[in-house]
Amino acid sequence: AQSVTQPDARVTVSEGASLQLRCKYSSSGTPYLFWYVQYPRQGLQLLLKYYSGDPVVQGVNGFEAEFSKSNSSFHLRKASVHWSDSAVYFCVLSAGTGGYKVVFGSGTRLLVSP
Amino acid sequence: GPKVLQIPSHQIIDMGQMVTLNCDPVSNHLYFYWYKQILGQQMEFLVNFYNGKVMEKSKLFKDQFSVERPDGSYFTLKIQPTALEDSAVYFCASSLWGGAEQYFGPGTRLTVL
């Protein structure tokens, strides 16, 4: 069975501070992992993706994520957040090549305070 | 980047009526998806579609739901008849291959009265 857990429903950080949003996954096969961001009243935008190779992947707007097979995790990080980063972030798991099943985490609402 | 379009942006209908939500996916993509999101809540997978067939569907994809993409045109989600609990934002997405990153449309807000 496949699942994605985002344990933090809400995270508040100060502008300029560092950020980590947690994601744990469970997959019977090779996981393909993604982070998406959803701004208010908009669709989802892809931040970054991991298929294989270097476990640290770089994304847009200074975001990066680290894949850990041993910890079954794919945490999202950013060195210095901006107020415009306030949004909902989803961690997503795909079953891999030819896989049709896509599982979303419950999302983490990030609020960046001035 | 690649764009997915959804028409209409907002639809209001009476319970029991039929509604069709339209999605114009990225032109060379082969896999298509529908998701349901109730305001402020989780994104729920409904169905994915490839080569003219439903590949996988969730429990939320009730018998009243159907999808099709006739002749490579719009990818549609039809609900017939609608129920109050169908009120939500429906997002369409497409990907180049199964398991690849998906590109999402802006959503259609469906209100069933």
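Let me sum up the structure you'll find in this document. The structure displayed is predicted, hence computed values, not measured ones.

Moving on, we get to the state of the cysteines. All told, the structure shown has two disulfides over all chains when counted by the stated rule. In this model A:Cys23 forms its disulfide with A:Cys91; the gap between the sulfur atoms is 2.0 Å. Its S-S torsion of approximately -65 degrees makes the covalent link between A:Cys23 and A:Cys91 left-handed. In this pair, A:Cys23 is assigned in the loop between strand S3 (19-21) and strand S4 (24-26) and A:Cys91 in strand S10 (residues 87-94), connecting sequence segments 68 residues apart. Paired through a disulfide, B:Cys23 and B:Cys92 show a sulfur-sulfur distance of 1.8 Å. The chirality of the disulfide connecting B:Cys23 with B:Cys92 is left-handed, given an S-S dihedral of about -60 degrees. With a gap of 69 residues between them, B:Cys23 in strand S3 (residues 19-24) and B:Cys92 in strand S9 (residues 88-95) connect regions that are remote in the sequence.

Next up on the list: the pairing of strand S6 (residues 44-50) of chain A. Residues and elements named next belong to chain A. When strand S5 (residues 32-38) meets S6, the two strands line up antiparallel, connected through six bridges. Paired with Gln38 across the strands is Leu44, a residue of S6. Linking S5 back to S6 in an antiparallel pair, the connection comprises five residues, with Arg41 at a positive phi of about 60 degrees.

Further remarks concern the interface of chain B and chain A. The interface is formed by 21 residues belonging to chain B together with 23 residues belonging to chain A. At the boundary of chain B with chain A, the tally comes to one salt bridge. Its salt-bridge partner being A:Lys49, residue B:Glu101 comes within 2.7 Å of it at the nearest N-O pair. On the surface where chain B and chain A come into contact, there are five residue pairs in polar contact (both at pLDDT 80 or more). Sorting the residues of the side of chain B that touches chain A by element identifies strand S4 (31-37), strand S5 (43-50) and strand S6 (53-57) of chain B as the ones contributing at least two each. Broken down by element, the residue count for the side of chain B that touches chain A peaks at four residues, all from S4(B). Class assignment for the residues of the side of chain B that touches chain A results in 11 nonpolar, eight polar and two charged.

What counts as what
- Residues numbered from 1 in each chain as written.
- Chains lettered and ligands numbered in written order.
- Predicted model: local features only at pLDDT ≥ 70, side-chain atom pairs only at ≥ 80, totals over all residues.
- Heavy atoms only, no water.
- Disulfide = S-S within 2.5 Å.
- Helix = DSSP H or I, 4+ residues; strand = E, 2+ residues; numbered from the N terminus.
- Pairing = 2+ DSSP bridges.
- Contact = heavy atoms within 4.5 Å.
- Salt bridge = Lys/Arg side-chain N within 4 Å of Asp/Glu carboxyl O.
- Polar contact = N/O pair within 3.5 Å; in protein donor to acceptor, adjacent residues only side chain to side chain.
- Nonpolar A, V, L, I, M, F, W, Y, C, P; charged D, E, K, R; others polar.

Note that all results are geometric; they support no functional claim without further evidence.
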